[in-house]
Amino acid sequence: YGNPWSLDSYTGYQPRQRTPQEQILISAAGPGIQFVLAGLVIAAVYASGGTVRLLLHNYMPYVDAALGPNLAHNRHLDLLVWDLLQINIFWAIMNLLPVLPLDGGQIALQVFMQHDPWQGTIRALWLSVITGGIVAVLTLLAGETYMMFLFASLAVSSYMTLLQAGGGRRPW
């Protein structure tokens, strides 16, 4: 029945299996709320009379916000706004990449499984390997060593899972 330390093993409670649509909504909720928070921060910057720009630095996007004239002298508030925007936009985008086990990888897995239950997992793992490898190379070119190691390890993990599943022969 389950874990011996859980009451579920004594009561026989079995949770209902989620539908693919429910799982997709759950996976999209985390990055979605990050985008909502970033939108609130951007609205606050514009309400203060400031501006927000999207810039590209070494292949990596980042958001530059300038607070309004009454708040521009507050370095701590400026740093808080910058951090909130970077975290809630950049990490949400990274989390939506179709790399397992990230949320985007979970969404891709559910979509592939809906279309082809037999090969859906294999295709999602191949997409994860390819996307993780491309992101690892791009972040290496951008000088982001941590991101390179993160996505390279996720790509290798997906590839090792693919080999264990017997789907390491061809991607499509």
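The notes below deal with the structure included here.

Calculation criteria
Residues numbered from 1 in each chain as written. Predicted model: local features only at pLDDT ≥ 70, side-chain atom pairs only at ≥ 80, totals over all residues. Heavy atoms only, no water. Phe/Tyr/Trp six-rings, centres within 6.5 Å; stacked < 30°, edge-to-face > 60°. Buried < 20%, exposed > 50% of the residue type's maximum accessible area, 1.4 Å probe, protein only. Helix = DSSP H or I, 4+ residues; strand = E, 2+ residues; numbered from the N terminus.

## Here's the deal with the packing of aromatic side chains
Logical step 1: Under the counting rule described, the total for this entry stands at 2 aromatic pairs.
Logical step 2: A ring pair is formed by F90 and W91, whose centres lie 5.7 Å apart and whose planes are at 75°; its orientation type is edge-to-face.
Logical step 3: Assessed through its relative accessible area of 16%, F90 is described here as buried.
Logical step 4: In this structure W91 comes out as partly exposed when scored by relative accessible area, which is 34%.
Logical step 5: Ring centres of W126 and Y159 lie 6.2 Å apart, and the angle between their planes is 65°; on these two criteria the pair is classed as edge-to-face. Here W126, found in helix α5 (residues 120-141), pairs with Y159, found in helix α6 (residues 145-165); they are 33 residues apart in sequence, far enough to count as distant.
Logical step 6: On the basis of relative accessible area, W126 is assigned to the buried category, the value being 11%.
Logical step 7: Taking relative accessible area as the criterion, Y159 reaches 32% and is therefore assigned partly exposed.

Read these as spatial facts, not as claims about activity.
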